[in-house]
Amino acid sequence: MRRQLLWTRLDQHGLDHCRVSSNADRGGGTRVQGTMLTLCDGDPTTVSYEIRADREWRTRSLDLTVHGAHTGRLSLVADDPGDWVVEAGDAEVELDGPFDVDTPFTPITNTLPIRRRDFDVGETVEVPVVYVSLPDLAVSVADQRYTRFTAHEDDADVYRYEDEVSDLATEIVVDEEGFVLAYPQLFDRVVKMSSA
């Protein structure tokens, strides 16, 4: 699988472009590389990120770099049992448990739990995440919830997404491969997904 996706921000100026490549046929996983151009506290900011997942779409690492009025770099790496090491500057923190990652600058992180599970209509799944905020790159652990509602027109699905960090509950629309088409009030995909 090779895909390119582009979303526009709805709550402020911003674009997110990412490339997804998967090598599952040869036992590998999935790599997501992206760049978000946005505003943080009113300042133009670039966020570069790379997410690696195994062949079951379990998150193995997140690396991100912020450039702008605020700058910084953060790395999250999980070993096989699910123990995480978080590196930000000179600080290093360990977290225990199988987590996904979530950030406020890209909807690609919503794809990870959706791709990993074959949801039945009406099924709800709790998803623990390591949440990285901007622009401070603060790391916290939170619970999120996905409920598959029903198939949407044009082979898309609707999921109710609930996030305890932002106290958000919304319905996101994803295509037949689990990539976000519409995330109300935050993101819209602005071009058709293309192979690269």
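Residues numbered from 1 in each chain as written. Predicted model: local features only at pLDDT ≥ 70, side-chain atom pairs only at ≥ 80, totals over all residues. Heavy atoms only, no water.

1. Some remarks on the pairing of strand β1 (residues 2–9)
Reasoning step 1: Across the two faces of β1 the burial differs, with Arg-3, Leu-5, Trp-7 and Arg-9 buried and Arg-2, Gln-4, Leu-6 and Thr-8 not buried at all.
Reasoning step 2: Taken together, the seven bridges between β1 and strand β2 (residues 14–22) define a ladder with antiparallel strand orientation. Bridge assignment links Trp-7 to a residue of β2, and that residue is Asp-16.
Reasoning step 3: Linkage of β1 to β2, two consecutive antiparallel strands, is achieved through a turn of four residues.
Reasoning step 4: Two strands pair when backbone bridges link them, and β1 and strand β15 (residues 187–189) are joined in this way by three bridges, in the antiparallel orientation. Note that in β15 the partner of Thr-8 across the bridge is Asp-188. (Buried < 20%, exposed > 50% of the residue type's maximum accessible area, 1.4 Å probe, protein only. Helix = DSSP H or I, 4+ residues; strand = E, 2+ residues; numbered from the N terminus. Pairing = 2+ DSSP bridges.)

2. Quick word on a negative patch on the surface
Reasoning step 1: On the surface, Asp-79, Asp-83, Glu-87, Glu-92, Glu-94 and Asp-96 cluster together into a negatively charged patch.
Reasoning step 2: Elements that contribute at least two residues to the negative patch include exactly β7 (83–88) and β8 (91–96).
Reasoning step 3: Counting through the fold element by element, Asp-83 comes out in strand β7. (Patch = residues over 30% accessible without salt bridge, like charges linked within 9 Å, V, L, I, M, F, W, Y side chains within 5 Å. Areas by Shrake-Rupley, 256 points an atom, 1.4 Å probe, with all protein chains shown as cover. Salt bridge = Lys/Arg side-chain N within 4 Å of Asp/Glu carboxyl O. Lys, Arg positive; Asp, Glu negative; His and termini not counted. Charge placed at Lys NZ, Arg CZ, Asp CG, Glu CD.)

3. Focus: unusual backbone geometry
Reasoning step 1: Cis geometry is found at the peptide bond from Leu-134 to Pro-135, where omega equals 0°.
Reasoning step 2: Position of Pro-135 relative to the elements: it lies in the loop between β10 (124–132) and β11 (139–152).
Reasoning step 3: The backbone of Leu-137 shows a phi angle near 60°, a positive value even though the residue is not glycine.
Reasoning step 4: Structurally, the position occupied by Leu-137 is in the loop between β10 and β11.
Reasoning step 5: Overall, Leu-137 belongs to the buried group, its relative accessible area being 9%.
Reasoning step 6: A positive phi angle, close to 70°, is found at Gln-185, a residue other than glycine.
Reasoning step 7: Overall, the relative accessible area of 67% leaves Gln-185 in the exposed class.

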